[in-house]
Amino acid sequence: MLPPEVYGAIIGDIVGSRFEFQPTKRTDFELFGEGCRFTDDTVMTLAVAEAGIVYRQTKSLEAYREAVVDTMRAYGARYPAIGYGARFEHWLKTPGAGPYNSFGNGSAMRTASAAYFAEDMDEAIALAETQAAVTHNHPQGIRGARVITGCIYLAKTGVDKSVIRAFADGPGYDIMRTTADIRPSYSFDVRCQGSVPESVICFMEAESFEEAVRLAVSLGGDADTMAAMAGAVAAAKFGIPAAIRERAETYLDDFLRARLRAIFSQGEAV
């Protein structure tokens, strides 16, 4: 069975892509409209997921860390101009480059598979921190990945939302707000601390996967990444309607569709 959390991140990315630089404050937009596409969020989510195969085979965080570096650079070479931030793009193209103290939300948007490959919460957090730290080793970059992964893991266990809220809430991460509080003044923000808590709040308010994605887009911020984060958590909790999943797959190319199935259906490279 293909993991809903990874699909949720990909679908959120595709739905939000056309609003990244043309923001909306509405929720009643056409879900898949003109301009939808997959972006770097989808590509890096699958790159990190592919590295998870190495972890499953070795149970070594060091081997996983090396695999994350290798797979992200390999996927980046295949998709060289698809929306990467400047510093991350430089890292992709520079063999041997190390982490650069980033607190951007890239560490959190690509982490969905950490919750899939983990057998318990501690393992999920360790995987999240490891994949984040190869580039985003600032404490906020690590924290963003840890929060999204932990929320996904808790969501898929079926716990009450209050447990997830308590996990995500904390200094600088005020999860007690509402989207109505946030939306009027919110704008584009690629920092973990400026987009991860808002994405979790969208999940907290939603009663379905689709509603979570729509709420994330409607804040008018980094729409594709926020919808990817909210979508990953919501998919783990609610599942994804088949019609939405099937429509989203039409936006992927043959390579990404094949990798998605190979990683999670067969668990080995093809």
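Residues numbered from 1 in each chain as written. Predicted model: local features only at pLDDT ≥ 70, side-chain atom pairs only at ≥ 80, totals over all residues. Heavy atoms only, no water.

Trainee: Explain the nonpolar core to me, using residue names and the numbers behind them.
Mentor: One broad trend across soluble globular proteins is that nonpolar side chains are buried collectively. Formed by 99 residues in total, the largest nonpolar core has its most connected members in Ile 11, Met 44, Met 72, Val 196 and Val 200. Sorting elements by how many residues they give to this core places helix α13 (residues 223-238) first, with 11 residues. When neighbours within four sequence positions are excluded, Val 196 is seen to be in contact with Ala 108, Gly 144, Val 147, Ile 148, Tyr 173, Arg 191 and Met 229. (Core = buried A, V, L, I, M, F, W, Y, C linked by side-chain atoms within 4.5 Å. Buried < 20%, exposed > 50% of the residue type's maximum accessible area, 1.4 Å probe, protein only. Helix = DSSP H or I, 4+ residues; strand = E, 2+ residues; numbered from the N terminus. Contact = heavy atoms within 4.5 Å.)

Trainee: Got a sec to walk through the packing of aromatic side chains? Specific residues and values, please.
Mentor: The full count for this structure, using the stated rule, is 13 aromatic pairs. Here the aromatic rings of Phe 38 and Tyr 79 are separated by 5.8 Å at their centres, their planes lie at 85°, and the arrangement is edge-to-face. Of the two residues, Phe 38 sits in the loop between α1 (4-16) and α2 (40-58) while Tyr 79 sits in the loop between α3 (61-78) and α4 (86-92), which places them 41 residues apart along the sequence. Residue Phe 38 shares its accessibility class with Tyr 79, and that shared class is buried. Aromatic pair Tyr 55 and Tyr 64: ring centres 5.9 Å apart, planes at 65°, arrangement edge-to-face. Of the residues examined, Tyr 55 reaches a relative accessible area of 7% and is grouped as buried. An aromatic cluster is present here, built from Phe 38, Tyr 75, Tyr 79 and Phe 255 joined pairwise through their rings. Above the plane of the ring of Phe 255 lies Arg 78, whose end atom (NZ or CZ) is 3.7 Å from the centre. (Phe/Tyr/Trp six-rings, centres within 6.5 Å; stacked < 30°, edge-to-face > 60°. Lys NZ or Arg CZ within 6 Å of the ring centre and 35° of its normal.)

Trainee: Lay out the layout of surface pockets in plain terms, naming residues and giving numbers.
Mentor: Size it by volume and the largest pocket reaches roughly 450 Å³. In terms of lining residues, the largest pocket is bounded by 25 residues, among which Gly 85, Gly 104, Asn 105, Gly 106 and Val 190 are the most central. Residue assignment for the lining of the largest pocket shows that the elements contributing at least two residues are α2, α4, α5 (106-109) and α13. Class assignment of the residues belonging to the lining of the largest pocket gives a composition of 10 nonpolar, 8 polar and 7 charged. (1 Å grid on protein atoms, 1.4 Å probe; cavity = no way out; pocket = protein on both sides within 12 Å on 5 of 7 lines; lining within 4 Å. Points joined across faces, edges and corners; volume = space filled by probe spheres on them. Nonpolar A, V, L, I, M, F, W, Y, C, P; charged D, E, K, R; others polar.)

Trainee: Can you explain the packing of helix α8 (residues 139-157) against helix α9 (residues 161-168)? Please cite residues and give values.
Mentor: Contact geometry of α8 with α9 gives a least axis separation of 10 Å together with a crossing angle of 165°. Considering their axes alone, α8 and α9 lie roughly antiparallel with respect to each other. Where α8 crosses over α9, the two elements pack in a sense that is right-handed. Within the contact between the two elements, α8 uses Arg 146, Val 147, Gly 150, Cys 151, Leu 154 and Ala 155 and α9 uses Val 163, Ile 164, Phe 167 and Ala 168. When its residues are assigned to classes, the contact of α8 with α9 shows 8 nonpolar, 1 polar and 1 charged. (Axes fitted to C-alpha atoms, helices over the stretch in contact; angles between N-to-C directions. Parallel < 35°, antiparallel > 145°, perpendicular 65-115°, else oblique. Left-handed = near helix turned anticlockwise from the far one by under 90°.)

Trainee: I'd love a proper account of the environment of Ser 185, names of residues and values included.
Mentor: Relative to the helices and strands, Ser 185 resides in the loop between α10 (179-182) and α11 (192-205). In sequence terms Ser 185 and Tyr 173 are 12 residues apart; their C-alpha atoms lie 17 Å from each other.

Trainee: Can you lay out the environment of Glu 205 for me, pointing to particular residues and giving the numbers?
Mentor: Among the secondary structure elements, Glu 205 is positioned in helix α11. Here Glu 205 falls in the partly exposed class, since its relative accessible area comes to 28%. Taking the C-alpha atoms as reference points, Glu 205 and Arg 37, separated by 168 residues in sequence, lie 26 Å from one another. Setting aside residues up to four positions removed in sequence, Glu 205 forms contacts with Lys 161, Thr 178, Thr 179, Glu 211 and Leu 215. Polar side-chain contacts of Glu 205 include one of 2.6 Å to the backbone nitrogen of Thr 179. (Polar contact = N/O pair within 3.5 Å; in protein donor to acceptor, adjacent residues only side chain to side chain.)

Trainee: Break down the packing of α9 against α11 for me, with residues and values.
Mentor: Close contact between α9 and α11 brings their axes to 11 Å; oriented N to C, the two are set at 170°. Here α9 lies roughly antiparallel to α11, going by the angle between them. For the pair α9 and α11, contact is made by Lys 161, Ile 164, Arg 165 and Ala 168 and by Val 200, Phe 203, Met 204 and Glu 205, respectively. For the contact of α9 with α11, the class distribution of residues is 5 nonpolar, no polar and 3 charged.

Trainee: Could you give an account of helix α14 (residues 242-249), with specific residues and numbers?
Mentor: All buried positions along α14 are accounted for by Ile 244, Ala 248 and Glu 249. The arc that holds the buried residues of α14, viewed along the axis, is 135°, so those residues lie on one side. (Arc of directions from axis to C-beta.)

Trainee: I'd like to hear about the pattern of salt bridges, residue by residue, with values.
Mentor: Counted by the stated rule, this structure contains 13 salt bridges. Residue Arg 259 is joined to Glu 50 by a salt bridge in which the shortest nitrogen-to-oxygen separation is 2.9 Å. In this pair, Arg 259 sits in helix α15 (residues 254-266) while Glu 50 sits in helix α2, placing the two residues 209 residues apart along the sequence. As far as the burial class goes, Arg 259 and Glu 50 line up, both buried. Two residues, Arg 257 and Asp 254, come together in a salt bridge whose shortest N-O distance is 2.5 Å. Note that Arg 257 and Asp 254 are positioned in helix α15 at a spacing of 3 residues, about one turn of the helix. Taking the relative accessible area as the measure of exposure, Arg 257 reaches 23% and is therefore partly exposed. (Salt bridge = Lys/Arg side-chain N within 4 Å of Asp/Glu carboxyl O.)

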